[in-house]
Amino acid sequence: MAEDHRTSDVAAIGVMVAGDLRQRIRDRTVFIFALVVPLALMVVFNAVFGGMNPEKLSGVRVTLVSEANDAAAGGLAGALADLDSMEVDLTRLPHSDPNAATPKLKTAVEDDKVDVAITVPADFTRSLGTGGQPRVTVVRRGGIEPQIIALVVEGFVSRAAAAAKAASVAGAEGLAPATIAQVALRVADSPPTLDVADREAPPGQLSTQGALVAGQAAFFMFFTIGFGVVAYLEERELGTLPRLRSLPISPHTVMTAKAVVSFILGVVATAVLLLLGVILFDLRYENLLTVGVVVVVSVAAVTASSLVVVRVARTAEQAQMITAILGVVLGILGGSFFQLTGTGFFARLADLTPTAAFIRGVGVGADGGGIADAAAPLTFLLGFGAISVVAAVLLPDRSPAR
Amino acid sequence: MTAAMSGSNTAPPVLSVNGLTKAFGSRRAVDDVSFEISPGETYGLLGPNGAGKTTTISMIAGLLKPDSGHIRLCGFEDGPTRREARAHLGLVPQDLAIYPDLTARENLVLFGRLQGIPRRRLRERADEVLDVIGLSDRSGDLTKEYSGGMKRRLNIGIGLLHQPDLLILDEPTVGVDPQSRNAILESVEALSREGLALLYTTHYMEEAERLCDRIGIVDQGSMVAEGTVDELLRITGEADAVSLSGSGSVLEATRALGKANGVVAASGDGTTISLTVADAPTHLASLLATAAREGMAVTDVDVSRPDLEDVFLHLTGRALRD
């Protein structure tokens, strides 16, 4: 005869969660998808994209060859020396025939003795003043810093040419020669229009590496959480679900236990990935509490969305497919791999993803912002989760009847 | 079989099913099915695949809600909708309801704790059940490393763990090799001997004949006949087939046997006489004496009794395994 035993639903959920986690640990698949793959992708993406956004320009060695007393060449040298964005090690070489020095300068660049060599031709200032088109030669090495120097030179020469043209027109209109000279000099000596400055990421926005780490954590959050709830459908296929539902426990206990497993897996995996970002990529999270709250709320929201998947899918395989599609689409829109730029419909759509909200929330926490500062992404995530729960309750169960 | 039979047991039934009906769309999977199981009785639901056996037990176990009908389970009028009622029920689903990444003991402990069995008692019960199902030596192995038969035995063991009043076994030998199948049937017989009430579904008529005190034959959702094996055989009016082979005056013997007591029909072909006899064991001696008296030297006798396969064919016009 049956002995009179009772178990509470909370205790039953605890037993099922412990059993599920034990199986997940033994299965190891969850480790691969929750930690190994995202970590590998982080490293790869960091290697590919990380270098495209240098945060600091290095110094550059510049040699400028011109006639000793050329006023415009002096102006160019001044413009280069005044660049705020990088340190310019400028060497001026006076030469009576600057163009003759060009081959030697090319060799110096090739031999890595100098990064940029500039040749200002003889009679440069006078040529400009008479409306001529003197050619300034720039020989440079690869890299962004020499390119910036070349752009500055180009900008200076353009302004000088414009000044010369203004002077020429003024002369034709009968302007006094002294005034013409003043106009030309003022234009030529005006500050360069190109200025590249080092800027930190704006408040609440992650650096490139930080965005990659948070993006990958958000992207794989769907898959990790999917493991938990897909297990519900696997139980149905395995045959354990009928047995569980025949036990003296509430019918909702099984699904609740799966959601709890998903939540635990999601929080642990996401926290570990963000922590690895600190260890491997020198990321910093100034406000850990905010980051923690964002992680917890995000995982809860995605777990809620996975309940909808369980309702919609007929089999575990279908659920995995839907989860993958959902993860990839929301990941791309939300900026798991790269930030979508632009305005309009897609930009707004991108903002309305849990992935984007998670990245924004982590960004606020990383920047030292409090929970109140992260209110917008947190509110969105809570709303997303609430809508998902309502949808999961209202949607009919499409699982085949047994 | 146990001595506990319907009508001979005055204790209230552990299960009483009345007018159970379930439809999926326009198809009636179970149509007005009624039966009872007394304490200690083994009741078989016999029918081909798709007859409605699993749907019936799904409703009894609380997995499906009946469209109509009433289930009284272990004294609870609300049937399986009551948690307390489900605590008295053990279910062995047709699918292997075990976790492959847990050991046999871990599977037992997990389901035992969900049943609310206290830890110490659960440890003892797990040992007892492992012993009963013959898996004590392999209790620490992951079940994914088990053979099909071992998994089936564990599947049954989990259903027994909390010592239910009624154990439902849904085709527990499907896909099992003959040796394991026999081990499972012996386990079920042992449970029956211990006085556990069993509801056993199968489409193997040999299993139903071997294990069940009473059998309900189901086809296309309906209960077409119910009773003990003998009662079922009598319902159909089928007689035994007796074949006598030999030499001598076979034709004369055929004529004489055609008029013998209990013989329904007789035919002969010179060396063999085929008889249709009501209750052959009772009349066989006198039939052999008649043949000898007519001058036939009988060298071989073959008696075949009708079985449940014949009963099913008689009732439905189709073979049991169609």
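Everything below is about the structure printed above this text.
How each quantity is defined
Residues numbered from 1 in each chain as written. Chains lettered and ligands numbered in written order. Predicted model: local features only at pLDDT ≥ 70, side-chain atom pairs only at ≥ 80, totals over all residues. Heavy atoms only, no water. Pairing = 2+ DSSP bridges. Helix = DSSP H or I, 4+ residues; strand = E, 2+ residues; numbered from the N terminus. Axes fitted to C-alpha atoms, helices over the stretch in contact; angles between N-to-C directions. Contact = heavy atoms within 4.5 Å. Buried < 20%, exposed > 50% of the residue type's maximum accessible area, 1.4 Å probe, protein only. Polar contact = N/O pair within 3.5 Å; in protein donor to acceptor, adjacent residues only side chain to side chain. Core = buried A, V, L, I, M, F, W, Y, C linked by side-chain atoms within 4.5 Å.

Trainee: Looking at this model, I keep getting lost on the sheet that holds strand β11 (residues 263-268) of chain B. Mind explaining?
Mentor: Strand pairing within a sheet occurs via backbone hydrogen bonds; the two strands may be parallel or antiparallel. Residues and elements named next belong to chain B. Taking strand neighbours across the sheet as the criterion, the four strands line up as β11-β12-β10-β13 in an open arrangement whose pairing is antiparallel. What marks the edges here is a single partner per strand, and that holds for β11 and β13 (296-304). Across the sheet, the axes of successive neighbouring strands diverge by a mean angle of 20°, strand direction being ignored. Sheet topology places strand β10 (residues 240-248) next to β13; eight bridges connect them, and they run antiparallel. Along β13, the bridge assignment pairs Ser-245 with Asp-300. Sheet strands in contact with helix α10 (residues 280-293) are β10, β11, β12 (272-277) and β13, and its direction is about 165° off that of β13.

Trainee: It is not clear to me how helix α3 (residues 71-81) of chain A should be interpreted in this structure. Could you clarify?
Mentor: Because each turn of an α-helix spans 3.6 residues, side chains separated by three or four positions in sequence point in the same direction. The complete set of buried residues in α3(A) reads Ala72(A), Ala73(A), Gly75(A), Leu76(A), Ala77(A), Ala79(A) and Leu80(A). Where α3(A) starts, the residue carrying a side-chain oxygen 3.0 Å from the main-chain nitrogen of Ala72(A) turns out to be Asp70(A).

Trainee: Help me out: how do you make sense of the side chain of Glu171(B) in this one?
Mentor: By the element assignment, Glu171(B) lies in the loop between β6 (166-170) and α6 (178-193). What Glu171(B) contacts, discounting residues up to four positions off in sequence, is Asn49(B), Lys53(B), Gln94(B), Arg152(B), Thr201(B), Thr202(B) and His203(B).

Trainee: Would you mind going over the sheet that holds strand β2 (residues 27-37) of chain B with me for this structure?
Mentor: All names here are of chain B. The three strands lie next to each other as β2-β1-β4, forming an open sheet whose pairing is antiparallel. Two strands close off the open sheet at either side, each with one partner strand: β2 and β4 (68-73). Taking the axes of each pair of neighbouring strands and ignoring which way they run, one obtains an average angle of 20° across the sheet. Pairing analysis gives seven bridges linking strand β1 (residues 15-24) to β2, with the strands arranged antiparallel. Looking across to β2, one finds that Ser-16 is bridged to Glu-36. Relative to the sheet, helix α1 (residues 53-60) contacts β1, β2 and β4, its axis offset from that of β1 by approximately 120°.

Trainee: How should I be thinking about the nonpolar core in this particular structure?
Mentor: The nonpolar side chains of a soluble globular protein tend to be buried, and buried together. Grouped together as the largest cluster of nonpolar side chains are 51 residues, with contacts concentrated most on Met16(A), Leu244(A), Leu108(B), Phe111(B), Leu114(B) and Leu154(B). Non-local contacts of Leu114(B), meaning those with residues more than four positions away in its chain, are made with Thr7(A), Ala12(A), Val15(A), Met16(A), Leu244(A), Leu247(A) and Ile249(A). Core analysis: the next-biggest nonpolar cluster, separate from the first, contains 32 residues, Ala217(A), Val291(A), Phe358(A) and Ala366(A) among them.

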